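Next come the chains, spelled out residue by residue.
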Amino acid sequence: MAATAGRRDRTHYLYIAVIIAVVAGIAVGFAAPGVAVELKPIGTGFVNLIKMMIAPVIFCTIVLGIGSVRQAAKVGAVGGLALGYFVVMSTVALAIGLLVGNFLEPGAGLSITEEAKAAGDKAAEGAGGESTVDFLLGIIPKTLVSAFTEGEVLQALLIALLAGFALQAMGKAGEPVLRGIGHIQRLVFRILAMIMWVAPIGAFGAIAAVVGETGMDALKSLAVIMIGFYVTCALFVFVILGALLKLVAGINLWSLMKYLGREFLLIVSTSSSESALPRLIAKLEHMGVSKPVVGITVPTGYSFNLDGTAIYLTMASLFIANAMGDPLSASEQISLLIFMIIASKGAAGVTGAGLATLAGGLQSHKPELVDGVGLIVGIDRFMSEARALTNFAGNAVATILVGTWTKEIDKERAAEVLAGRIPFDESTLLDDGHGAPPGDDEAPAVPEARPEKNVPVKV
């Protein structure tokens, strides 16, 4: 037990180092902007390392989750319930964005410059104007292997679902394959744990670059939209999601956020909710939510349950319309709301995706407003922090709610985990048998770091 506590205590230094790196990055960004901008590849490289692991994590998690369930209808029920919840909550988030945007009237009195117009056109080109049909066809990979090499979350999800159902249908004959995938999952999470040790370096480069690029000018001129957006996201998370979590699952939102504190810190430093996806899967399973629920709800939510992006799309649209002297009427806002419900589903949880989706949505719905996208390019990186944090919180809460509705969560274990009496193994991400292959009782790679199940451990 003492060895375990010592090992886990050492992981705290990693996240203290991340905080120090973020502060140092901000200081460098203000002191030497030119040098700071050149550090951007460091942050990009770290995010790419995390994204490299997302497809194998999703594949192993979903295959093990579905393959170990003998009833396909159970998996279908989880998926259907999750998608229904995603549509409802995304619509609520979009509506809240419209309400707050109309109250604040952001952008009124600003004038757009030619430089801003050029930035808006560039963002619109990056969006590509993807149609719903193109989006749906894009879910199908060219080959089985390309689903893992192209970094498309939905493609990896599709292949994992097919493999999981195939192994489910094979019955006992598929158990050796499941055990093999279980061992691969152990390897994947071990690599991920190794990557996390370079997080301070990645955080330093990412924060320094964005501060060096924007400075304080953009923050001063666009404070209303940015602060309003942060406040709106906070209200959505703490009021709406917090109330749902308490009423449905009986879990306090603060205790959940404390449990996921390191993941929130990672998102702040990288501005990408995807950087914490593998750890969210591991922690929710450790918390007591069943593998099928976690394996289906979390990856799907990263494409269909982007609450922060939904709020951003509506508030940013109103901001741009007001700034360009062309405010949206009530009917135009309603039609934009309906359009954005669809557009938000194609936004990936990565840095810059919200801006591209906004530009693409305006280009398809009201092209004369696209030029105004350039007005928020300067602070989009700062707003993406709130987007990513809200998206992450929304998906964590959604998974627990779906687990509660389907009775696929161990509430007693969840209470023990959130109280800190069953700690999560930071060294392997495989605590308490997480990721263990079906029928495999052998010890994990680091047995001394694995406490006995359900035994309180003080850290």
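Residues numbered from 1 in each chain as written. Predicted model: local features only at pLDDT ≥ 70, side-chain atom pairs only at ≥ 80, totals over all residues. Heavy atoms only, no water.

Below, the discussion takes up the nonpolar core. Residues Leu256, Met287 and Ile400 are the most contacted members of the largest nonpolar core, which totals 106 residues. Per-element tally for this core: the top contributor is helix 3 (residues 40-67), with twelve residues. Those residues within four positions of methionine 287 in sequence are excluded, and the remaining contacts are Ile251, Leu256, Tyr259, Ile400, Asp410, Arg413, Ala414, Val417 and Leu418. (Core = buried A, V, L, I, M, F, W, Y, C linked by side-chain atoms within 4.5 Å. Buried < 20%, exposed > 50% of the residue type's maximum accessible area, 1.4 Å probe, protein only. Helix = DSSP H or I, 4+ residues; strand = E, 2+ residues; numbered from the N terminus. Contact = heavy atoms within 4.5 Å.)

On to the environment of alanine 17, then. Position of alanine 17 among the secondary structure elements: in helix 1 (residues 2-31). Residue alanine 17 is classed as partly exposed on the basis of its relative accessible area of 27%. When the C-alpha positions of alanine 17 and isoleucine 201 are compared, they lie 9.0 Å apart, and in sequence the two are 184 residues distant.

To continue, consider the pattern of salt bridges. Taken as a whole and judged by the stated rule, the model has four salt bridges. Linking glutamate 263 and lysine 283 is a salt bridge whose minimum nitrogen-to-oxygen distance equals 3.2 Å. Taken as a pair, glutamate 263 in helix 14 (residues 261-270) and lysine 283 in helix 15 (residues 277-287) lie far apart in primary sequence, 20 residues in all. The exposure classification of glutamate 263 matches that of lysine 283, with both residues buried. (Salt bridge = Lys/Arg side-chain N within 4 Å of Asp/Glu carboxyl O.)

Summarising the element assignment, proline 41 is placed in helix 3. Given the relative accessible area of 58%, proline 41 is considered exposed. When the C-alpha atoms of proline 41 and alanine 206 are compared, they prove to be 7.9 Å apart, with 165 residues separating the residues in sequence.

Here the focus is a nonpolar patch on the surface. On the surface, Ile227, Val231, Leu235, Phe238, Val239 and Trp254 cluster together into a nonpolar patch covering about 620 Å² of accessible area. Broken down by element, the nonpolar patch gets its largest block of residues, five residues, from helix 12 (residues 223-249). With respect to the helices and strands, the residue isoleucine 227 is situated in helix 12. Residue isoleucine 227 is classed as exposed on the basis of its relative accessible area of 52%. (Patch = residues over 30% accessible without salt bridge, like charges linked within 9 Å, V, L, I, M, F, W, Y side chains within 5 Å. Areas by Shrake-Rupley, 256 points an atom, 1.4 Å probe, with all protein chains shown as cover.)

All right, on to the environment of alanine 282 then. Examined against the element boundaries, alanine 282 turns out to sit in helix 15. On the basis of relative accessible area, alanine 282 is assigned to the buried category, the value being 0%. A sequence separation of 13 residues divides alanine 282 from glycine 295, and the C-alpha atoms of the two residues are 9.9 Å apart.

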